[in-house]
Amino acid sequence: MSLHSHPRFAARTEALEPFLAMEVMERAFALEREGVEVDHLEIGEPDFPPPKCAVEACERALREGQTHYSDSRGLVELREAIARDAATRFSASVDPARVLVTSGTSPAMLLVFSLLLDPGDEVIVPTPHYPCYPNFIRYCGGVPVFVETSPHDAWAIEVRAVRAAMTPKTRAIMLGAPANPTGAIQSRATVDALGALGVPIISDEIYDGLVYDGAEIASAHGLGEGAFVLDGFSKRYAMTGFRLGWVVAPEWAMRRLQIMQQNLFISASRFVQHAGIAALEGGAPDIARMREVYAARRERLASGLEALGFEVHGRPKGAFYLFVGARRFGANSRALAGELLERAHVGVCPGVDFGAAGEGMLRFCYAVSEATIDRALERLATALPALEAKASA
Ligand SMILES: Cc1ncc(COP(=O)(O)O)c(C=O)c1O
């Protein structure tokens, strides 16, 4: 073997696509190291601090020596608090025995796909979609089967199209509520109809709570044992770095999930779980405040992008993204995002990161200050005319 060659990689890692939002951010960091100031609208990370009660509970737990492993399924007090939270938000009756606490929503996703998928098994994924869904599915040997949605009907999932895409190999249907990147919320009728198709629903509800104009999600908790509900503290509690999430699973799945958790992750961090309990018990005012600020930013960014000539499809009901048409400035979203970063120093996420259905679009994140939004809009205004001229040449 020469110095630079290496053994072959496992096929499951070769199947992974890069996460383009991260690639843009990493290039932006390189520019910043050269002294350039970049406006980061590419990555989905709240700029708010976590709730004070969560930080204090975490500090207290550390000082009190809560530094050991916990039950692999999570502290009983946290599992009970998660069950109470489901009752408060959705009037759902969740047995704490169906809650498994994980080090973020991402590991919960890995556990659920690992549980359900053998090689060649299929998962229906409405698209545009969160980039990691197909990557997790492929990593577990599965095959994502995409069902397109369109901005012209607020990204509604057509149950007929899902049914047509199902085969004997279909093992689950993936949902996001609200969805990333579109911010879309599906109707109760749609979620119930999808839940009646005979395979489990995997519903990623990490953006719930970040909803506007009085909107509410149709939670898959309403499907009871027919759903795996993924959730976490990263987005609505602005606790990305705590790495804490959970899955509420059907009772029949719990023992297998527990065994995987014991082996793969042992348990979520114990002192961080105390932060989670405090956030669930005392973080509601923080969520309400952040939601109000996000709603104002959503309008500021949306109207600014409209004025610049982007195709903004109404106002998304949830999450903190605008997913907008950008073809007049460049049909290749990855190249366009690269140009905007290099020329305007504005980080945005290429639409193609969210699947082929997202090509020609860009995702802007408004979890940044109004000053950052204003500066980004000004910088875009300076750079776009040349890009538009190039695109129409
Ligand atoms: C839809 C969706 N699910 C899950 C995650 C990951 O969440 P966590 O930080 O809990 O792993 C993200 C992060 O961007 C997301 O957008």
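Residues numbered from 1 in each chain as written. Predicted model: local features only at pLDDT ≥ 70, side-chain atom pairs only at ≥ 80, totals over all residues. Heavy atoms only, no water.

A. Inspection of the side chain of T182 at higher detail. Here T182 is to be found in the loop between strand 5 (170–176) and helix 8 (188–195). A relative accessible area of 7% means that T182 is categorised as buried. A polar contact is formed between the side chain of T182 and the backbone nitrogen of A184, at a distance of 3.2 Å. With residues up to four places along the chain from it excluded, the contact list for T182 reads P128, W155, P316 and F323. (Helix = DSSP H or I, 4+ residues; strand = E, 2+ residues; numbered from the N terminus. Buried < 20%, exposed > 50% of the residue type's maximum accessible area, 1.4 Å probe, protein only. Polar contact = N/O pair within 3.5 Å; in protein donor to acceptor, adjacent residues only side chain to side chain. Contact = heavy atoms within 4.5 Å.)

B. Region of interest: the domain arrangement of the chain. The domain architecture assigned to the chain consists of domain 1 (11–49 + 285–384) and domain 2 (52–283). Computed over C-alpha atoms only, the centres of domain 1 and domain 2 are separated by 24 Å. In this assembly, 35 residues from domain 1 lie in contact with 36 residues from domain 2. A per-residue breakdown of the area domain 1 buries against domain 2 is headed by I287, K317 and F354, which together make up 20% of the total. Our enumeration of links across domain 1 and domain 2 arrives at two salt bridges. With its nearest N and O atoms 3.7 Å apart, the salt bridge here joins D213 to K317. One can count 15 residue pairs in polar contact (both at pLDDT 80 or more) joining domain 1 with domain 2. Taken together, the elements giving at least two residues each to the side of domain 1 that touches domain 2 come down to helix 1 (11–14), helix 11 (284–308), strand 9 (321–325) and strand 12 (361–365). For the side of domain 1 that touches domain 2, the leading source of residues is helix 11, giving eight residues. Among the residues making up the side of domain 1 that touches domain 2, the classes are represented as 20 nonpolar, six polar and nine charged. (Domains from an automatic or database assignment. Buried area = accessible area lost by both parts, 1.4 Å probe. Salt bridge = Lys/Arg side-chain N within 4 Å of Asp/Glu carboxyl O. Nonpolar A, V, L, I, M, F, W, Y, C, P; charged D, E, K, R; others polar.)

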